[in-house]
Amino acid sequence: MLDVIYGRRSIRKYQNKPVEDEKLNEILRAGMYAPSGMNKQPWHFIVCKDRQTLDGVQKIHPYSSMLSSAPCCIIVCGDTKTQYTQGSYIQDCAACSENMLLAAYSLGLGTCWLGVYPNKDMQDDFRKFFEMPDYIEPFCVVALGYPDEQKTMPDRFSADKVHFEKW
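Residues numbered from 1 in each chain as written. Predicted model: local features only at pLDDT ≥ 70, side-chain atom pairs only at ≥ 80, totals over all residues. Heavy atoms only, no water.

Caption draft 1: Broad picture of the sheet that holds strand 1 (residues 43–48). Strand order across the open sheet formed by four strands is 1-2-4-3, with antiparallel pairing between neighbours. Every interior strand has two partners, whereas the edge strands, strand 1 and strand 3 (110–115), have only one. Across the sheet, the axes of successive neighbouring strands diverge by a mean angle of 25°, strand direction being ignored. Sheet topology places strand 3 next to strand 4 (residues 136–145); six bridges connect them, and they run antiparallel. Looking at strand 4, one finds that Gly110 is bridged to Gly145. (Pairing = 2+ DSSP bridges. Helix = DSSP H or I, 4+ residues; strand = E, 2+ residues; numbered from the N terminus. Axes fitted to C-alpha atoms, helices over the stretch in contact; angles between N-to-C directions.)

Pasting the structure below:
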């Protein structure tokens, strides 16, 4: 499991190969197994495979150029009606998204997390484009596909960021 955590990288170049529905369902299932406040599971997902939809996302999100080659993306959204407490969907959707990134990597796929929250204008644009109800908050976009680039694992452990008992 640790190799999945350490090996996952943000992928911005994808092969022209569709993601199998079985793998997509496993990734979504992994997201739904994330912890959430009082187990409310306040997440919803919009799966985008259509090229016009992927192009539409690129028009909304200024850092989504990798969607030009990605065959799929998942919009992770928070439901403010079912969240445990005000704003808790943010933590819940973050845990959900990380589970999805790790699951995808374990299945041989690449991903790139594109933040939408807390940009209210972008959230509004996503809500309008995807015709979401007003109680649904777009949280992030996960670009997804077979990687067309290799990335090495950097050393990110930093002992000076670890504190025991007190600062």
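The rest of the description comes next.
Caption draft 2: Spatial organisation of the environment of Tyr84. Residue position: Tyr84 is located in the loop between strand 2 (72–79) and helix 4 (88–106). Spatially, the C-alpha atoms of Tyr84 and Pro62 are 31 Å apart, while their sequence positions differ by 22 residues. Once residues lying within four places of it in the same chain are set aside, the contact partners of Tyr84 are Gly37, Met38 and Lys40. (Contact = heavy atoms within 4.5 Å.)

Caption draft 3: Up close: the side chain of Gln123. Summarising the element assignment, Gln123 is placed in helix 5 (residues 120–129). In terms of polar contacts, Gln123 uses its side chain to reach the backbone carbonyl oxygen of Pro138, at 2.8 Å. When sequence neighbours within four positions are dropped, the list of residues in contact with Gln123 reads Tyr89, Val116, Tyr117, Pro118, Glu137 and Pro138. (Polar contact = N/O pair within 3.5 Å; in protein donor to acceptor, adjacent residues only side chain to side chain.)

Caption draft 4: Region of interest: the packing of helix 3 (residues 51–60) against helix 5. Axis separation between helix 3 and helix 5 bottoms out at 10 Å; the angle between their running directions is 155°. Regarding the angle of helix 3 to helix 5, the classification is roughly antiparallel. The way helix 3 lies across helix 5 gives a crossing that is right-handed. Residues Thr53, Gly56, Val57 and Ile60 of helix 3 form the contact with helix 5, whose participating residues are Met122, Asp125, Phe126 and Phe129. For the contact of helix 3 with helix 5, the residue count by class is five nonpolar, two polar and one charged. (Parallel < 35°, antiparallel > 145°, perpendicular 65-115°, else oblique. Left-handed = near helix turned anticlockwise from the far one by under 90°. Nonpolar A, V, L, I, M, F, W, Y, C, P; charged D, E, K, R; others polar.)

Shape descriptors only; they carry no functional weight alone.
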